[in-house]
Amino acid sequence: MVDERTLERYSRQIQIDGIGEEGQAQLKAACVAIAGVGGLGSVISIYLAAAGVGRIRIIDNDTVELSNLNRQILYNNPDIGKKKAEVAFEKLQLLNPDIKVEAYMETISGSNADAFFGDVDSIVDAMDNFPTRYVLNEIAIKKEIPLFHGAVRGFEGRVTTIIPGISPCLQCIFPRPPEPEKTPVVGVTPAVIGSIQATEVIKYVLRIGQLLLGRLLVYDGRSMEFMEVKLERHPDCQACKHIAKDRE
């Protein structure tokens, strides 16, 4: 049973079939790591905190810049020059003091990934570079936990959910990283993609609905169209070929 304060805070979502008090307790018990609290991570962290995910771990070593403010909605002008993870921690705890937020002001690498992701239920990829995305992919495979991938450019975005051994991993989908660049983006695009990523996390925790497994959802804001691309595991993928396809 949940207390009266919890019932009031989450009353609108507890009414949904498949959630209820039991589902809200499942959200409270979940631990989700968000890699990056920029454009995508701002949206994802806000909605997971608002939904009542009990433990949210954020990892980001960047500082807030003026050029971030067109899309990174966790931050305001007074935050410029401050560490994003520190500011995000304060604002997420203010949004929902009933959850636990953990903030790490460090750069994710192969040498520290175990420490950051070893005890979480799932990882959300809100990064802007493929070397780090591949590290997230590797640790998700190693720990056999889901990876929720999202990326944006301009008015376009993409999102998929990866469960090692069941769906294609990130390296199956992108065997070679694209050339690094400073990506142009309009603020509403990470709002769309980040909201979808957060939705996928909530569905996974609650075990409801259909996840974007083996499906890449591509969004085009200019034409306001969504396109779905079917994905397959690569039999020779060096990252995930060793995991049984029928793992449950």
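As the structure is a prediction and not an experimental result, all values here were calculated from the model.

Provide a residue-level description of the layout of surface pockets, including the pertinent values.
Counted as a void, the largest pocket has a volume near 1300 Å³. Contributions of two or more residues to the lining of the largest pocket are made by α4 (39–51), α7 (130–143), β5 (147–153), β6 (156–162), β7 (215–220) and β8 (225–230). When residues of the lining of the largest pocket are assigned to their parent elements, the largest contribution, four residues, is made by α7.

Could you give an account of the pairing of strand β3 (residues 100–104), with specific residues and numbers?
It is a general feature of regular strands that their side chains alternate between the two faces of the sheet. Sheet topology places strand β2 (residues 55–59) next to β3; five bridges connect them, and they run parallel. Within β3, the position partnered with Ile58 by the bridge is Ala103. Regarding topology, helix α5 (residues 84–95) serves as the crossover connection from β2 to the parallel β3, and that connection is right-handed.

Account for the packing of α4 against helix α9 (residues 188–206), naming residues and giving values.
Closest axis-to-axis distance for the α4/α9 pair is 8 Å, and the angle between their directions is 40°. One finds that α4 runs oblique with respect to α9. The handedness of the crossing between α4 and α9 comes out as right-handed. Seen from α4, the contacting residues are Gly39, Leu40, Val43, Ile44, Tyr47, Leu48 and Ala51; seen from α9, they are Pro190, Ala191, Ile193, Gly194, Ser195, Gln197, Ala198, Val201 and Ile202. The class makeup of the residues in the contact of α4 with α9 is 12 nonpolar, four polar and no charged.

Could you give an account of the environment of Ala33, naming the residues involved and the relevant values?
As for its placement among the helices and strands, Ala33 is situated in strand β1 (residues 31–35). Overall, the relative accessible area of 0% leaves Ala33 in the buried class. Sequence separation between Ala33 and Phe116 is 83 residues, and the spatial gap between their C-alpha atoms is 8.0 Å. Each residue touching Ala33, except ones within four places of it in the same chain, is listed here: Arg57, Ile59, Phe117, Val120, Ser122, Ile123 and Val124.

Requested: an account of the pattern of salt bridges, with residues and values cited.
This model, assessed by the stated rule, comprises 14 salt bridges. Of the charged contacts in the structure, one is a salt bridge between Asp114 and Lys142, with a shortest N-O distance of 2.8 Å. Note that Asp114 is positioned in helix α6 (residues 113–117) and Lys142 in helix α7, a separation of 28 residues in sequence. For Asp125, the salt bridge is made with Arg133, and the minimal N-O distance between the two is 2.6 Å. Take Arg133: its relative accessible area is 4%, and that puts it in the buried class. Bridged by salt links that share partners, the residues Arg55, Arg57, Lys100, Glu102 and Asp119 form one connected network.

Which residues make up the sheet that holds β6, and what are the values?
The strand order β3-β2-β1-β4-β5-β6-β7-β8 describes an open sheet built from eight strands, whose pairing is mixed. What marks the edges here is a single partner per strand, and that holds for β3 and β8. If you compare each strand with its neighbour and ignore which way they point, the axes differ by 15° on average. Packing of α7 onto the sheet brings it into contact with β1, β4 (122–125), β5 and β6, and relative to β5 it is tilted by some 165°. Across the sheet, α9 touches β1, β4, β5, β6, β7 and β8, and the angle it forms with β5 is around 170°.

I'd like a rundown of the state of the cysteines, residues and numbers included.
Summed over all chains, the structure comprises zero disulfides. Between Cys172, a free cysteine, and Cys240, which holds the nearest cysteine sulfur, the sulfur-to-sulfur gap is 3.4 Å. The exposure class of Cys172 is buried, given its relative accessible area of 9%. Overall, the relative accessible area of 1% leaves Cys240 in the buried class.

Just give me the short version of α5, but keep the residues and values in it.
Compared with the 16 Å implied by 1.5 Å per residue over 12 residues, the 16 Å span of α5 between its first and last C-alpha is a close match. All of the buried residues in α5 are Lys84, Ala85, Val87, Ala88 and Leu92. Take α5 and look down its axis: the buried residues cluster within an arc of 155°, on one side only. Check the buried side of α5 and you find it contacts α4, β2 and β3.

I'd like to hear about the side chain of Arg233, residue by residue, with values.
Structurally, Arg233 is set in the segment after β8. A distance of 3.3 Å separates a polar side-chain atom of Arg233 from the backbone oxygen of Ile243.

Which residues make up the environment of Gly52, and what values do they have?
Among the structural elements, Gly52 can be located in the loop between α4 and β2. If we skip the residues at most four places from it in the chain, Gly52 touches Tyr10, Gln24, Leu27, Lys28, Asn96 and Ile99.

Definitions and cut-offs
Residues numbered from 1 in each chain as written. Predicted model: local features only at pLDDT ≥ 70, side-chain atom pairs only at ≥ 80, totals over all residues. Heavy atoms only, no water. 1 Å grid on protein atoms, 1.4 Å probe; cavity = no way out; pocket = protein on both sides within 12 Å on 5 of 7 lines; lining within 4 Å. Points joined across faces, edges and corners; volume = space filled by probe spheres on them. Helix = DSSP H or I, 4+ residues; strand = E, 2+ residues; numbered from the N terminus. Pairing = 2+ DSSP bridges. Right-handed = clockwise from strand over helix to strand, strands pointing away. Axes fitted to C-alpha atoms, helices over the stretch in contact; angles between N-to-C directions. Parallel < 35°, antiparallel > 145°, perpendicular 65-115°, else oblique. Left-handed = near helix turned anticlockwise from the far one by under 90°. Contact = heavy atoms within 4.5 Å. Nonpolar A, V, L, I, M, F, W, Y, C, P; charged D, E, K, R; others polar. Buried < 20%, exposed > 50% of the residue type's maximum accessible area, 1.4 Å probe, protein only. Salt bridge = Lys/Arg side-chain N within 4 Å of Asp/Glu carboxyl O. Disulfide = S-S within 2.5 Å. Expected span 1.5 Å × (residues − 1). Arc of directions from axis to C-beta. Polar contact = N/O pair within 3.5 Å; in protein donor to acceptor, adjacent residues only side chain to side chain.

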